[in-house]
Amino acid sequence: MTQPGDPLSLPLVRPRRLRTTAAMRRLVAETAVAPRQLVLPVFVREGLSEPRPIGSMPGVVQHTRSSLLKAVAEAAELGLGGVMLFGIPAEKDAIGTGATDPSGILNLAITDVVAEVGDALTVMSDLCLDEFTDHGHCGVLGTDGRVDNDQTLQRYAEMALAQAAAGIDMVGPSGMMDGQVRAVREALDAAGHVEVSILAYSAKYASAFFGPFREAVDSSLEGDRRTYQQDPANAREGVREAVLDVAEGADVVMVKPALGYLDVVRAVRDAVPVPVAAYNVSGEYSMLEAAAAHGWIDREAAILETLTSIHRAGADVILTYWASEAARLIR
Ligand code: PBG
């Protein structure tokens, strides 16, 4: 005999009712990723005559200046939120001269892309020296061989001005130097570029999941970036970095990588008033592609689940190599 108040006397609660049909599931879905929230990272390499496949990232290429324009026009057509440009120069040196040269590959590509897509996309660029330095570090080295924070800030300020002059909408300082957002904001404002916005790579971890990207940009790095990128063990510190970047003038803050750091995405989302981005990085892309190539995973379902999960964790914006394909799948 059940007594009033005994749980067994209550009717069975049936959450499955809300899962009975596709229409019902669609009706009650808590989150949905839209193409406008996706940003496509693209690589453009100086001196190429044909797009060059990146072996470690099947389906992704280093673009020529003209194949890049096709990719960004398609991104605009698909209603993506933006593109993030990475440049691979023919020549590298200790201070990354190619990054600030107005005719450096990245600066030329910015002008090309803005001319192609106009205001249909937010055009973003990586603001970092690693693709341009012969030692492969994100900054300039001091006499002790370590990355010198404050000398690097001067180079970032110059790089911001070169990108602004080329017509960029949003710069993405990604080198994890202290004060990089403030240095970039001050330089832009002093030159009258008050409308150029900043996507700060705020909580960027020293991650093994950047591995395939190293091939994508022909990285010269030996060793690692652990004196400037964050320790994967630390979540609170990621929030601290994001809060500091907002105080320094970041318009959007980013957590990177995404999948191993969804707790950090959530914590940052709860801590700052600005949009939060997450970067679904090269290793996350390549792992899934490799498994799918073996027939071990349902590729399209896994892509959409990945992006939905990053969004559900709190990312308003997602950088992903699947951006154009995902936009088609979502439609
Ligand atoms: C630095 C930069 C890196 C990535 C984006 N910007 C590499 C690094 O910090 O080592 C990695 C992106 C990816 O793995 O998809 N310019």
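Okay, so let's go over this structure. Being a predicted model, the structure only gives us computed values, none of them experimental. (Residues numbered from 1 in each chain as written. Predicted model: local features only at pLDDT ≥ 70, side-chain atom pairs only at ≥ 80, totals over all residues. Heavy atoms only, no water.)

Below, the discussion takes up the overall build of the chain. Scanning the chain from terminus to terminus reveals 11 helices and 10 strands. Its C-alpha atoms give the chain a radius of gyration of 21 Å, near enough to 20 Å, the size a compact globule of 331 residues would have. Summarising its shape, the C-alpha atoms of the chain cover approximately 85 × 40 × 40 Å along the three principal directions. Classification of the 331 residues of the chain by burial places 51% in the buried group. Summarising the internal contacts of the chain: among those between residues at least 6 apart in sequence, 75% fall at separations of at least 24. (Helix = DSSP H or I, 4+ residues; strand = E, 2+ residues; numbered from the N terminus. Rg over C-alpha atoms; globule rule 2.2 N^0.38 Å. Buried < 20%, exposed > 50% of the residue type's maximum accessible area, 1.4 Å probe, protein only. Contact = heavy atoms within 4.5 Å.)

Attention now goes to the site of the ligand. Near the ligand there are 17 residues, and of these D130, R214, K256, S282 and Y321 occur at the shortest range. E131 has a polar side-chain atom sitting 3.3 Å from a nitrogen atom of the ligand. Interatomic distance of 2.7 Å between a side-chain N/O atom of S282 and an oxygen atom of the ligand. Isolated, the ligand exposes 400 Å² of accessible area, and the fraction of that covered by the protein chains is 100%. Grouping the constituent residues of the shell around the ligand by class yields 7 nonpolar, 3 polar and 7 charged. (Near = heavy atom within 4 Å. Polar contact = N/O pair within 3.5 Å; in protein donor to acceptor, adjacent residues only side chain to side chain. Areas by Shrake-Rupley, 256 points an atom, 1.4 Å probe, with all protein chains shown as cover. Nonpolar A, V, L, I, M, F, W, Y, C, P; charged D, E, K, R; others polar.)

Our next topic: helix α4 (residues 149-166). Taking 1.5 Å of rise per residue, 18 residues should cover 26 Å, and α4 covers 26 Å from first to last C-alpha, within 8% of that figure. Taken as a whole, α4 has its buried residues at T152, L153, R155, Y156, A157, M159, A160, A162, Q163, A164 and A166. The inward-facing, buried residues of α4 contact α3 (105-117), β5 (122-127), β6 (170-173) and α5 (180-190). Where α4 begins, the side chain of D148 points an oxygen toward the backbone nitrogen of D150, at a separation of 3.1 Å. (Expected span 1.5 Å × (residues − 1).)

In terms of residue burial, β5 counts as a mostly covered element, since 5 of its 6 residues are buried. In the classification by handedness, the crossover that spans β5, the intervening α4 and the parallel β6 is right-handed. (Right-handed = clockwise from strand over helix to strand, strands pointing away.)

With that out of the way, let us pick up the pattern of salt bridges. A full pass over the atoms with the stated rule returns 12 salt bridges. When the shortest N-O distance is used, the salt bridge between R65 and D112 registers 2.9 Å. Of this pair, R65 sits in helix α2 (residues 65-77) while D112 sits in helix α3, and the two are 47 residues apart along the sequence. A relative accessible area of 36% places R65 in the partly exposed class. (Salt bridge = Lys/Arg side-chain N within 4 Å of Asp/Glu carboxyl O.)

Turning next to the packing of aromatic side chains. In this structure the tally under the stated criterion is 9 aromatic pairs. When the centroid spacing of 6.3 Å and the interplanar angle of 50 degrees are considered together, the rings of Y201 and Y279 count as tilted. Of the two residues, Y201 is situated in strand β7 (residues 197-204) and Y279 in strand β9 (residues 276-280); the sequence distance between them amounts to 78 residues. By the burial criterion, Y201 is buried, and Y279 matches it. Centroid distance Y279 to Y321: 6.1 Å. Interplanar angle 50 degrees. Geometry classified as tilted. Linking Y279 in strand β9 with Y321 in the loop between β10 (317-320) and α11 (323-330), this pair joins segments that are 42 residues apart in sequence. The pair Y279 / Y321 is uniform in exposure class, with both members buried. Clustering of aromatic rings is evident, with ring pairs tying together F43, F86, Y201, F213, Y279, Y285, Y321 and W322. A cation sits over an aromatic face here: K256 above F210, 4.7 Å from the ring centre. (Phe/Tyr/Trp six-rings, centres within 6.5 Å; stacked < 30°, edge-to-face > 60°. Lys NZ or Arg CZ within 6 Å of the ring centre and 35° of its normal.)

Counting through the fold element by element, P102 comes out in the loop between β4 (82-88) and α3. Along the primary structure P102 and D189 are separated by 87 residues, whereas in three dimensions their C-alpha atoms are 19 Å apart.

Turning next to a nonpolar patch on the surface. On the surface, a cluster of nonpolar side chains totalling about 290 Å² of accessible area is made up of L18, L27 and V28. Looking at the secondary structure, you find V28 in helix α1 (residues 22-28). (Patch = residues over 30% accessible without salt bridge, like charges linked within 9 Å, V, L, I, M, F, W, Y side chains within 5 Å.)

Take the packing of α3 against α4 next. Packing of α3 against α4 brings their axes to within 8 Å, and their N-to-C directions diverge by 30 degrees. In this view, α3 runs roughly parallel relative to α4, as classed from their interaxial angle. Our pair here, α3 against α4, has a crossing hand that is right-handed. Contact with α3, carried on its side by L106, N107, I110 and T111, involves M159, A162, Q163 and A166 of α4 and no other residues of that element. (Axes fitted to C-alpha atoms, helices over the stretch in contact; angles between N-to-C directions. Parallel < 35°, antiparallel > 145°, perpendicular 65-115°, else oblique. Left-handed = near helix turned anticlockwise from the far one by under 90°.)

Distances and angles like these do not, on their own, reveal function.
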